[in-house]
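Listed below, chain by chain, are the residues.
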Amino acid sequence: MALSDDTAARALHRAGLYLTDMMTPTLRLGVTGLSRSGKTVFITALIRNLVSGGRLPFFFPEAEGRIERAYLEPQPDDAVPRFDYEEHLETLGQDPPQWPESTKRLSQLRVTIEFRSAQALRRFFGVSRLNLDVVDYPGEWLIDLPLLEESYESWSADAVGRARTRHAHGPAKAWLEFLSSVDPYARKDEQVALKGARLFADYLKAARAEDHVLHTTGPGRFLMPGDLEGSPLLTFCPLPLKEGRSIPRGSLAAMMARRFESYKSHVVRPFFRDHFSRLDRQIVLVDVLGPMNEGGEAVADLQNALDGVLRVFRIGSASRLSALIGRRIDKLLFAATKADHIHSSSHDRLEAILRLITERAMGRASASGAEVGVQALAALRATYEAEAKVGGEVLPCIVGVPMPGERIEGKVFNGRQEAAVFPGDLPQNPKDALKPDAAPAGLHFVRFRPPRVLPPGPDGEAPALPNIRLDRALDFLLADWLA
Ligand SMILES: Nc1nc2c(ncn2[C@@H]2O[C@H](COP(=O)(O)OP(=O)(O)OP(=O)(O)O)[C@@H](O)[C@H]2O)c(=O)[nH]1
Ligand SMILES: [Mg+2]
């Protein structure tokens, strides 16, 4: 019996739907950033904008009305906890609203986007689907990635040198005194190793509290142990080794070196392999303004830390890790986060500074054929713009509610009062931001309260979230997969 045209078309359509289900492609988006760079806020805002239909005029698949719906899917990986999207929204929805807490463990989420393709043939088969997988993790763990290319000797020299030059009279005092009392080449002793590891961890935590904006000394699990709290994998520390002297078997240094290697192979390598080696796209979030508030040395620290981390992502190079990199990152976006801390007239300067900070990584990515973008953005905009007249001069200001305890020129805020802030001018020449003696240059960046994120109303419509250029970032990262 011959099928009518109509029946044949419907059968073909059903087969197409079945195939779509089977073959839903998955895009793994890597959200890379040091601690406090804005990963959790970015992921929460990204999901909320996709799932509840945000105001995203420059995210073209959305602006063209081709996105039918987006929804959260069960975890693709049973061994990884789910990203607690709902709890983060609840925190942002409190009165007064709060920012989500610093992340303590790794989590993952899958969002499925249903869309109508712009291509006639794909449209014939009905809606297309894309799974978007995103992982969130404590930024502290990221500073471990460069360890993969270090030996115990080189790491020790670096870490001991840094403690001596930067923290000898402060946070590192007790640990350095301990080091001067031990002989790395003497017989191994578990009690000595335990004490050294404890003092080293205390030093790292105290140094982080002192640095408060940017902390780049690891290992990350000493700061944020996750499931490794109390684990023997964390009972090591750097030792003051003599250059060129070999480490005898059975010595304290040999024991520490073995544990350092175990930390790399049991903690750092799986973290990289499971979560970073198979990325399709990557966004690197950088808080440039925080370190700028501290001065040129902090900006240079940021540059070094990012360079070390991003080196691990070298694509198609002779890196020892390249064997682990299966998929290829073909688009990479560098984003200066929290751009709502400055007036939009300064966004170009912020982008220029980010471009300079990530120059080497950007060069490597472009040389490998990846498309690279740079953007200043705010995933969740906490301020609006205004102009203030001061002594006949018009200053571009931002207005928001500073978090309780924030200070501007001696005034301490209570967390409820709105303030207009002139954050200062970013340097015209981006190189000035990196000069070691660059003073905080009259910049004032305070933390603002987030806008209150309200749940959907009875009609199911959720109010759009304010942002700066989140739509352009999504367009760069996702649009061609939704074509
Ligand atoms: N004004 C403003 N502040 C932001 C924005 N995104 C992040 N922040 C601020 O930056 C802080 C850190 O953001 P998170 O998203 O928690 O940073 P993270 O990278 O997840 O940090 P870890 O979990 O510690 O690795 C927040 O508590 C906010 O104070 C933004 O778009 N605008
Ligand atoms: Mg986080």
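In this text, all values refer to a predicted model and were calculated from it rather than measured experimentally.

Enquirer: So what's going on with the overall build of the protein chain? Residues and values would help.
Expert: Broken down by element type, the protein chain carries 15 helices and 12 strands. Taken against the 2.2 N^0.38 rule, which gives 23 Å for 483 residues, the C-alpha radius of gyration of the protein chain at 25 Å falls within 12% of a compact globule. For the protein chain, the spread of C-alpha atoms along the three principal axes comes to 90 × 75 × 40 Å. Every one of the 483 residues in the protein chain was classed for burial, and the buried ones make up 53%. Here the protein chain displays about 22400 Å² of accessible surface, and carbon together with sulfur accounts for 51% of that area. The distance from the centre of the 61 positive side-chain charges to the centre of the 62 negative ones in the protein chain is 4 Å.

Enquirer: Which residues make up the site of ligand 1, and what values do they have?
Expert: If you check the shell around ligand 1, you find 21 residues, and the closest are Lys 39, Thr 40, Ser 102, Thr 103 and Gly 139. One nitrogen or oxygen atom from the main chain of Gly 139 is found 2.7 Å from an oxygen atom belonging to ligand 1. At 3.1 Å from a nitrogen atom of ligand 1 is found a main-chain nitrogen or oxygen belonging to Leu 380. Grouping the constituent residues of the shell around ligand 1 by class yields 8 nonpolar, 8 polar and 5 charged.

Enquirer: Describe the coordination of the magnesium ion (ligand 2), naming the residues involved and giving the relevant values.
Expert: Ligation of the magnesium ion (ligand 2) by protein atoms is provided by Thr 40 (OG1) and Thr 103 (OG1), these donors lying 2.0 Å from the ion. Highlighted residues: Thr 40 in helix H2 (residues 39-51) and Thr 103 in the loop between helix H4 (85-93) and strand S3 (107-115), separated in sequence by 63 residues. Overall, the relative accessible area of 15% leaves Thr 103 in the buried class.

Enquirer: Any details on the side chain of Arg 66? Residues and values, ideally.
Expert: Position of Arg 66 among the secondary structure elements: in the loop between helix H3 (60-63) and strand S2 (67-73). The class for Arg 66 is buried, based on a relative accessible area of 10%. For Arg 66, the side chain forms a polar contact with the side chain of Glu 64, separated by 2.9 Å. Once residues lying within four places of it in the same chain are set aside, the contact partners of Arg 66 are Pro 61, Glu 114, Phe 115, Arg 116, Ser 117, Ala 118, Leu 482 and Ala 483.

Enquirer: Mind laying out the sheet that holds strand S12 (residues 419-421), listing which residues take part and the relevant values?
Expert: A sheet is described by the order of its strands in space; here 3 strands give the open sequence S8-S9-S12, paired in antiparallel fashion. Because the sheet does not close on itself, it has two edges, and the strands there are strand S8 (384-390) and S12. Averaged over all neighbouring strand pairs, the angle between strand axes comes to 45°, with direction disregarded. Pairing analysis gives 7 bridges linking S8 to strand S9 (residues 393-400), with the strands arranged antiparallel.

Enquirer: Please provide a residue-by-residue account of helix H14 (residues 359-367), values included.
Expert: For H14, the set of buried residues is Ala 361, Met 362 and Ala 365. Along H14, the residues classed as buried sweep out an arc of 100° about the axis, all on the same side. The exposed residues of H14 that point more than 90 degrees off its buried face are Glu 359 and Ala 367. The positive-phi residue at the C-terminal boundary of H14 is Gly 369, with phi of around 100°.

Enquirer: Please provide a residue-by-residue account of the packing of aromatic side chains, values included.
Expert: According to the stated counting rule, one finds 19 aromatic pairs in the structure shown. The interplanar angle of 80° and the centroid separation of 5.4 Å between the aromatic rings of Tyr 137 and Phe 276 together place this pair among those described as edge-to-face. Separated by 139 residues along the polypeptide, Tyr 137 in the loop between strand S4 (128-136) and helix H6 (152-167) and Phe 276 in the loop between helix H10 (252-275) and strand S5 (281-286) bring together distant segments of the chain. The two residues Tyr 137 and Phe 276 agree in class, both being buried. Members of the aromatic cluster, connected to one another through ring pairs, are Tyr 152, Trp 155, Trp 175, Phe 200, Tyr 203, Phe 222, Phe 236, Phe 260 and Tyr 263. Over the aromatic face of Trp 141 sits the side chain of Arg 221, whose NZ or CZ is 3.4 Å from the ring centroid. Above the plane of the ring of Phe 58 lies Arg 472, whose end atom (NZ or CZ) is 3.8 Å from the centre.

Cut-off values and rules
Along each chain, residue indices are assigned from 1 in the same order as the chain's sequence is written. All chains are assigned letters beginning with A, and all ligands numbers beginning with 1, in the order in which they are written. The predicted nature of this model means local features are confined to residues of pLDDT at least 70 and side-chain atom pairs, given and counted, to a pLDDT of 80 or more, with totals for whole chains, interfaces and linings taken over all residues. In computing side-chain values, all of the structure's heavy atoms are included and hydrogens and water are not. Under the DSSP-based scheme used, a helix requires at least four consecutive residues in state H or I and a strand at least two consecutive residues in state E, with every element numbered from the N terminus. Only the C-alpha atoms count toward the radius of gyration. The rule for a globule is 2.2 Å times the residue count to the power 0.38. Each residue's exposure class comes from its accessible area (1.4 Å probe, protein chains only) as a fraction of the maximum for that residue type: buried when under 20%, exposed when over 50%, partly exposed otherwise. Accessible surface area values rest on a Shrake-Rupley calculation with a 1.4 Å probe, where residue burial reflects the displayed protein chains alone. Just so you know, the count uses Lys and Arg for positive and Asp and Glu for negative, and it drops His and the chain ends. To locate a charge, take atom NZ for lysine, CZ for arginine, CG for aspartate or CD for glutamate. Any residue with a heavy atom positioned within 4 Å of a molecule or strand is treated as near that molecule or strand. Side-chain atoms alone can form a polar contact between residues adjacent in sequence; in general such a contact is a pair of N or O atoms within 3.5 Å, and within protein one must be able to donate a hydrogen while the other accepts it. Gly is put with the polar residues, along with every residue not named as nonpolar or charged; the nonpolar set is Ala, Val, Leu, Ile, Met, Phe, Trp, Tyr, Cys and Pro, and the charged set is Asp, Glu, Lys and Arg. Sodium, potassium and calcium take a 3.2 Å donor cutoff, other metals 2.8 Å, and in both cases only N, O and S atoms count; water is not among them, so sites may look incomplete. By the convention used here, residues are in contact when the closest approach between their heavy atoms is within 4.5 Å. Two strands pair if DSSP finds at least two bridges between them. A fitted line through C-alpha atoms serves as each axis, taken over the contacting stretch for helices, and the angle formed by two N-to-C directions is quoted from 0 to 180°. It is the directions from the helix axis to the C-beta atoms whose arc is reported. Stacked, edge-to-face and tilted are the three classes for Phe, Tyr and Trp ring pairs, Trp counted by its six-membered ring, which pair at centre distances within 6.5 Å; planes under 30 degrees apart are stacked, over 60 edge-to-face, the rest tilted. As a reminder, the over-ring test applies to NZ of lysine and CZ of arginine, requiring each to be within 6 Å of the ring centre and within 35 degrees of the ring normal.

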